[in-house]
Amino acid sequence: MRVHIISDIEGVAGIVNWGQTSGAPPSGDPTLYNEARVLYTEEINAAIRGAKKAGAKEIVVMDCHGAGANYDFNSLLPDRLDPDCEFVVQHEWTEYTAFLEQGCDAALFVGMHAKAGTPDGVLSHTVSGQGWRDLRFNGVSVGETGINAALCGNWGCPVLLVTGDTATCAEATALLGSGLTTVDVKVGLGRFSARSKTPQRARELIEDAARKALEDLGAVAPYEPGRPCEVEIEFTFTDRLVEYRNRRGVEVTGPMTLVSRAYDWWTAWSQFYF
């Protein structure tokens, strides 16, 4: 069994503010960030242990946290990772597809956060916390869980597990279906506060859930936003739209909205995002 673990940091137990998510001042705090990297890596390790117990023979971890400076998509701590996995450091988010193209049995999402505008979503945002107000695939509002699920689904890989706060788990279940296994490691009390499980308890729950989720590879269908596909982005300010407006297949539909259309999701996404 080949398992892809896709991870983000904001949905990890104990993480509640931007200072923990980046080592780059002024918004990030190097001390807090290094502590958060340990919490992050150990939740990934829990999913790896669960996958191994379920029979996974090849596990590839893809860090999807854009932490700024030299940490972009390289926020986990390699020397703390379980040795029975390999990990990817990518330059642009969603650029690494080789493992999916080769054929992957399942994906596990660790540390996910809720989409922009979710009131009880801890550190809720979509792609850019300052730039993106909403993202829709064929009219359905999605967050980063939806983007990663569509990426996996494009190559027929189902998402079987999502971990994060309670709002994220609800968002993922609504999108992917009741067969999805979720682990809520904290309950948002607002965007920058939460009641959290202890790191040790969160890891125990994630390990057990990963093992159980992989026992039924057909519990969740691969996510397909539909064909043809329309990707619509609503920005927070007019200037954030400018960098995308002249890309192929992109139509500006308003002062803060644009649409990318194509036969399938991957083409619609990649023609404007890259």
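Fair warning: this is a prediction, and the values are worked out from it, not measured in the lab.

A.B. asks: Let's hear about the packing of aromatic side chains: which residues, and what values?
C.D. replies: One pass over the structure, following the stated rule, counts 19 aromatic pairs. Ring geometry for tryptophan 93 and tryptophan 269: centres 6.4 Å apart, planes at 90°, overall edge-to-face. Of the two residues, tryptophan 93 sits in the loop between β3 (86–88) and α2 (98–102) while tryptophan 269 sits in helix α6 (residues 265–273), which places them 176 residues apart along the sequence. Residue classification places tryptophan 269 among the buried positions, given a relative accessible area of 0%.

A.B. asks: Report on empty space enclosed by the protein, specifying residues and quantitative values.
C.D. replies: One pass over the structure, following the stated rule, counts 1 cavity of 30 Å³ or more. Within this model, the largest cavity holds a volume of roughly 40 Å³. Lining the largest cavity, in full, are Ala150, Gly153, Asn154, Tyr223, Glu224, Pro225, Arg227, Asp264 and Trp265. The greatest single-element share of the lining of the largest cavity, amounting to 3 residues, is contributed by helix α3 (residues 144–154). Of the residues in the lining of the largest cavity, the class split is 4 nonpolar, 2 polar and 3 charged.

A.B. asks: An account of the pairing of strand β9 (residues 193–196) is needed here, citing residue identities and associated values.
C.D. replies: Sheet analysis places strand β8 (residues 181–190) next to β9, joined by 4 bridges and oriented antiparallel. Each residue of the ladder has a partner; that of glycine 190, found in β9, is serine 193. Taking the residues between adjacent antiparallel strands as the criterion, β8 and β9 are bridged by 2 residues.

A.B. asks: Kindly report on the nonpolar core, identifying the contributing residues and their values.
C.D. replies: Ile5, Phe137, Val231, Trp265 and Trp269 are the most contacted members of the largest nonpolar core, which totals 83 residues. Counting residues per element, this core draws most heavily on helix α1 (residues 30–53), at 9 residues. Excluding residues that lie within four positions of it along the chain, tryptophan 269 makes contacts with Thr94, Trp132, Leu135, Phe137, Ile147 and Val231.

A.B. asks: Provide a residue-level description of the layout of surface pockets, including the pertinent values.
C.D. replies: Each pocket or cavity is described by its volume, and for the largest pocket that value is around 710 Å³. Taken together, 28 residues make up the lining of the largest pocket; nearest its centre are Gly66, His125, Val127, Ser128 and Gly129.

A.B. asks: Quick rundown of the environment of arginine 136? Include the residues and the values.
C.D. replies: By the secondary structure assignment, arginine 136 is in strand β5 (residues 132–137). A residue is classified by how much of its surface remains accessible, and arginine 136, at 16% relative accessible area, is buried. If we ignore the near neighbours within four places in the chain, the residues touching arginine 136 are Ser141, Glu230, Val231, Glu232 and Glu234. Looking at arginine 136, its side chain comes within polar contact range of the side chain of aspartate 134, at 2.4 Å.

A.B. asks: Mind laying out the pattern of salt bridges, listing which residues take part and the relevant values?
C.D. replies: Scanning the model with the defined rule gives 17 salt bridges in all. Linking aspartate 208 and lysine 212 is a salt bridge whose minimum nitrogen-to-oxygen distance equals 3.1 Å. You can see aspartate 208 and its partner lysine 212 sitting in helix α5 (residues 199–213), 4 residues apart, about one turn around the helix. Looking at lysine 212, the relative accessible area reads 46%, which means it is partly exposed.

A.B. asks: Let's hear about the sheet that holds strand β7 (residues 159–165): which residues, and what values?
C.D. replies: In spatial order, the strands read β3-β2-β1-β4-β7-β8-β9; together these 7 strands make up an open sheet with mixed pairing. The open sheet terminates on both sides in strands that have one partner only, identified here as β3 and β9. Put simply, the sheet's adjacent strands are angled 25° from each other on average, direction ignored. Examined bridge by bridge, strand β4 (residues 106–112) and β7 share 4 bridges and lie parallel to one another. Directly across from leucine 108, in β7, lies its bridge partner leucine 161. Packing against the sheet, helix α4 (residues 166–176) makes contact with β4, β7 and β8, and its axis sits at approximately 155° to β7.

Criteria and thresholds
- Residues numbered from 1 in each chain as written.
- Predicted model: local features only at pLDDT ≥ 70, side-chain atom pairs only at ≥ 80, totals over all residues.
- Heavy atoms only, no water.
- Phe/Tyr/Trp six-rings, centres within 6.5 Å; stacked < 30°, edge-to-face > 60°.
- Helix = DSSP H or I, 4+ residues; strand = E, 2+ residues; numbered from the N terminus.
- Buried < 20%, exposed > 50% of the residue type's maximum accessible area, 1.4 Å probe, protein only.
- 1 Å grid on protein atoms, 1.4 Å probe; cavity = no way out; pocket = protein on both sides within 12 Å on 5 of 7 lines; lining within 4 Å.
- Points joined across faces, edges and corners; volume = space filled by probe spheres on them.
- Nonpolar A, V, L, I, M, F, W, Y, C, P; charged D, E, K, R; others polar.
- Pairing = 2+ DSSP bridges.
- Core = buried A, V, L, I, M, F, W, Y, C linked by side-chain atoms within 4.5 Å.
- Contact = heavy atoms within 4.5 Å.
- Polar contact = N/O pair within 3.5 Å; in protein donor to acceptor, adjacent residues only side chain to side chain.
- Salt bridge = Lys/Arg side-chain N within 4 Å of Asp/Glu carboxyl O.
- Axes fitted to C-alpha atoms, helices over the stretch in contact; angles between N-to-C directions.

Don't take any of this as a statement about function, it's just geometry.
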